[in-house]
Amino acid sequence: MTEQDFILKNLDSSKLDKGSCTWQSPSNIALVKYWGKSDPQIPKNASISFTLQNCHTTTNLAYSKKETSSKIFSVQVIFEGKINEEFKPKIIKFFERVALYVPFITEYDFVIKTDNSFPHSSGIASSASGMSALALCLMSIEKQLNPNISEEYFTQKASFLARLGSGSAARSVEGELVVWGEHKEIPSSSNIYGVKFPFKIHNNFKNYHDTILLVDKGEKQVSSTVGHNLMFNHPFAQQRFDQANENITKINQILQNGDLKAFVNLVESEALTLHAMMMTSHPHFVLMKPNTLQIIEKIWDYRRKNNSNICFTLDAGANVHVLFPEREKEKVNAFITSKLLDFCQNNQYICDSVGTGARQL
Ligand code: DP6
């Protein structure tokens with residue numbers, strides 16, 4: 001599929017006056033990270049993530065035909081029950097980017113009602129779940145207008161549109177593992193949408209757990225746009241993109257052969273490399289907090305003493321995602337609650353695990 005295949009032509013919207021649809025779409029946690037992109041939202045390397053189950057956004061999109069036609073987007077946003085002006089510019093920008101592919105969006109007045117399952121400003125990015133939920137709602141309208149589209153086209157185009165809103169959102173449509181970005185060893189992989197990991201996943205990675213420790217719930221210090229831009233003129237950028245693609249080759253094998261030790265090693269190295277890129281860019285940032293490091297030390301200590309396969313990964317922030325296999329869940333949960341919660345803001349954390357993707361409600 002190319003961009004051209006997603007352009008809608010001659011779609012007659014005259015018979016669809018109004019309606020509404022609702023999608024629940026998950027967040028995801030990258031194992032090999034996307035950091036660096038070119039226009040329009042094309043990643044500099046392939047990335048792979050676990051789709052999450054409990055962290056999600058639910059979006060209801062109500063649409064009604066405009067009384068007088070105009071090319072100006074008409075959108076009202078209601079977030080957690082209240083009219084929200086703050087999200088509107090991002091949504092208008094998203095509409096501008098996707099209008100070529102879903103041109104009917106200029107013909108309707110939209111009301112977007114959206115809620116997250118995780119606390120707002122918890123430091124958990126809602127752009128992946130939020131943009132994918134909205135993209136899926138737009139696809140539901142497209143399907144109303146053209147019921148003949150295949151399920152595969154629906155899913156691919158939803159991921160394609162979501163990507164134009166936020167890169168990582170391309171990985172939030174399906175589960176359990178999604179690859180986004182062209183890679184020679186992942187058949188059908190693409191720079192313009194995410195694809196399900198195409199090989200059999202070893203049982204060790206089934207129902208993998210991700211407990212998110214909320215170390216710092218403050219506003220993001222570095223927005224993703226600023227962050228990705230730091231990779232332009234970064235002295236180590238090309239090595240990083242090459243390394244990430246090599247790590248996709250490695251994790252592809254690991255996910256199939258179940259080598260947990262190799263998984264731990266690779267995932268932690270990816271997290272620290274992402275932060276190292278920020279620490280070595282101009283301007284530079286340190287996004288970890290003292291408590292992030294305390295948690296990392298404790299995880300390493302627990303792993304050594306218990307021959308455990310617990311590990312951590314990080315987003316572009318101070319929160320820690322603690323990853324562990326299903327069979328260690330009792331012991332690791334006990335360790336987290338007794339030893340790690342003291343390092344979380346107000347002892348807050350979220351228990352999550354790998355999920356199967358978005359669903360229509
Ligand atoms: C560190 O997807 O938030 O979480 O495309 O600008 O919206 P935009 O960026 P975004 O970047 C995510 C970066 C990351 C790593 C990852 O999820 O792969």
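Note: the structure precedes this text.
Residues numbered from 1 in each chain as written. Predicted model: local features only at pLDDT ≥ 70, side-chain atom pairs only at ≥ 80, totals over all residues. Heavy atoms only, no water.

1. So, the overall build of the protein
Thinking step 1. A tally of helices and strands in the protein yields 8 helices and 14 strands.
Thinking step 2. In terms of overall size, the protein behaves like a compact globule, its C-alpha atoms giving a radius of gyration of 20 Å where 361 residues would be expected to give roughly 21 Å.
Thinking step 3. By its C-alpha atoms, the protein is 70 × 45 × 40 Å across when sized along the principal axes.
Thinking step 4. Among the 361 residues that make up the protein, the fraction classed as buried is 55%.
Thinking step 5. Partitioning the intrachain contacts of the protein with sequence separation of at least 6 by distance along the chain shows that 76% fall at a separation of at least 24.
Thinking step 6. Put simply, the protein shows about 16,100 Å² of open surface, and 49% of that area lies on carbon and sulfur atoms.
Thinking step 7. Computed over 38 positive and 36 negative side-chain charges, the inter-centroid distance for the protein is 2 Å. (Helix = DSSP H or I, 4+ residues; strand = E, 2+ residues; numbered from the N terminus. Rg over C-alpha atoms; globule rule 2.2 N^0.38 Å. Buried < 20%, exposed > 50% of the residue type's maximum accessible area, 1.4 Å probe, protein only. Contact = heavy atoms within 4.5 Å. Areas by Shrake-Rupley, 256 points an atom, 1.4 Å probe, with all protein chains shown as cover. Lys, Arg positive; Asp, Glu negative; His and termini not counted. Charge placed at Lys NZ, Arg CZ, Asp CG, Glu CD.)

2. Some remarks on the site of the ligand
Thinking step 1. Near the ligand you find 16 residues, and of these Tyr34, Lys37, Ser166, Gly167 and Ser168 are the closest.
Thinking step 2. Within the side chain of lysine 37, an N or O atom sits 2.7 Å from an oxygen atom of the ligand.
Thinking step 3. Between the ligand and glutamine 41, the relevant distance is 3.3 Å, taken from an oxygen atom to a side-chain nitrogen or oxygen of the residue.
Thinking step 4. Bound to the protein, the ligand loses 93% of the 460 Å² it would expose on its own.
Thinking step 5. Counted by class, the shell around the ligand contains 5 nonpolar, 7 polar and 4 charged residues. (Near = heavy atom within 4 Å. Polar contact = N/O pair within 3.5 Å; in protein donor to acceptor, adjacent residues only side chain to side chain. Nonpolar A, V, L, I, M, F, W, Y, C, P; charged D, E, K, R; others polar.)

3. Focus: the packing of aromatic side chains
Thinking step 1. What the rule picks out here adds up to 20 aromatic pairs.
Thinking step 2. Where phenylalanine 50 meets phenylalanine 263, the ring centres are 6.3 Å apart and the plane angle is 45 degrees; that geometry is what we call tilted. Here the residue phenylalanine 50 occupies a position in strand 4 (residues 47-65), and phenylalanine 263 occupies one in helix 6 (residues 260-279), the gap between them amounting to 213 residues.
Thinking step 3. You can call phenylalanine 50 buried: its relative accessible area is 2%.
Thinking step 4. Summarising the aromatic geometry, the rings of phenylalanine 197 and phenylalanine 199 are spaced 5.7 Å apart at their centres and angled 75 degrees between planes, so their arrangement reads as edge-to-face.
Thinking step 5. For phenylalanine 199, a relative accessible area of 29% translates into the label partly exposed.
Thinking step 6. Put simply, the rings of Tyr63, Phe73, Phe94, Phe95, Tyr108 and Phe110 touch in pairs and so form one group of aromatic residues. (Phe/Tyr/Trp six-rings, centres within 6.5 Å; stacked < 30°, edge-to-face > 60°.)

4. Here's the deal with the sheet that holds strand 12 (residues 320-324)
Whenever strands of a sheet pair, they do so through backbone hydrogen bonds, lying parallel or antiparallel.
Thinking step 1. Here we have 4 strands laid out as an open sheet, ordered 11-12-10-13, and antiparallel in their pairing. A strand with exactly one partner marks an edge of an open sheet, and here the two such strands are strand 11 (311-314) and strand 13 (349-353). Neighbour-to-neighbour, the strand axes of this sheet turn through a mean angle of 25 degrees, independent of strand direction.
Thinking step 2. Here strand 10 (residues 209-213) pairs with strand 12 via 5 bridges, running antiparallel. Of the residues in strand 12, the one forming a bridge with leucine 213 is valine 320.
Thinking step 3. On the sheet, helix 7 (residues 290-306) packs against strand 10, strand 11 and strand 12 and is oriented at approximately 155 degrees with respect to strand 11. (Pairing = 2+ DSSP bridges. Axes fitted to C-alpha atoms, helices over the stretch in contact; angles between N-to-C directions.)

5. Examining the state of the cysteines
Thinking step 1. Under the criterion given, the structure shown has 0 disulfides.
Thinking step 2. Looking at the unpaired cysteine 137, the closest cysteine sulfur is the one in cysteine 21, lying at 4.1 Å.
Thinking step 3. Cysteine 137 sits in the buried class, given a relative accessible area of 0%.
Thinking step 4. Cysteine cysteine 311 shares no disulfide, and the gap to the nearest cysteine sulfur, in cysteine 351, comes to 16 Å.
Thinking step 5. Residue classification places cysteine 311 among the buried positions, given a relative accessible area of 0%. (Disulfide = S-S within 2.5 Å.)

6. Re the nonpolar core
Thinking step 1. Core analysis: the biggest nonpolar cluster contains 81 residues, and Ile48, Phe95, Ile105 and Phe263 have the highest contact counts within it.
Thinking step 2. Here this core gets 10 residues from one element, more than from any other, and that element is helix 2 (residues 127-145).
Thinking step 3. Counting 22 residues, the second-largest nonpolar core is a separate cluster that includes Met288, Ile295, Leu341 and Cys344. (Core = buried A, V, L, I, M, F, W, Y, C linked by side-chain atoms within 4.5 Å.)

7. So, the pairing of strand 10
Thinking step 1. Of all 5 residues making up strand 10, 5 are buried, and the element is well covered by its neighbours.
Thinking step 2. The two faces of strand 10 match: His209, Thr211 and Leu213 on one face and Asp210 and Ile212 on the other face are all buried.
Thinking step 3. Relative to strand 13, strand 10 runs antiparallel, the two being bridged by 5 bridges. For isoleucine 212, the partnering residue across the bridge sits in strand 13 and is isoleucine 350.

8. A short note on the side chain of threonine 292
Thinking step 1. With respect to the element layout, threonine 292 can be found in helix 7.
Thinking step 2. Its relative accessible area of 0% is what places threonine 292 among the buried residues.

9. A closer look at the side chain of aspartate 210
Thinking step 1. Assignment of secondary structure puts aspartate 210 in strand 10.
Thinking step 2. Despite its burial, aspartate 210 pairs with no opposite charge, the nearest such side chain being lysine 33 at 8.8 Å.
Thinking step 3. A polar side-chain atom of aspartate 210 sits 2.7 Å from a polar atom in the side chain of histidine 321.
Thinking step 4. Setting aside anything within four residues of it in sequence, one finds aspartate 210 in contact with Ile29, Leu52, His321, Val322, Leu323, Ile350, Cys351, Asp352 and Ser353. (Salt bridge = Lys/Arg side-chain N within 4 Å of Asp/Glu carboxyl O.)

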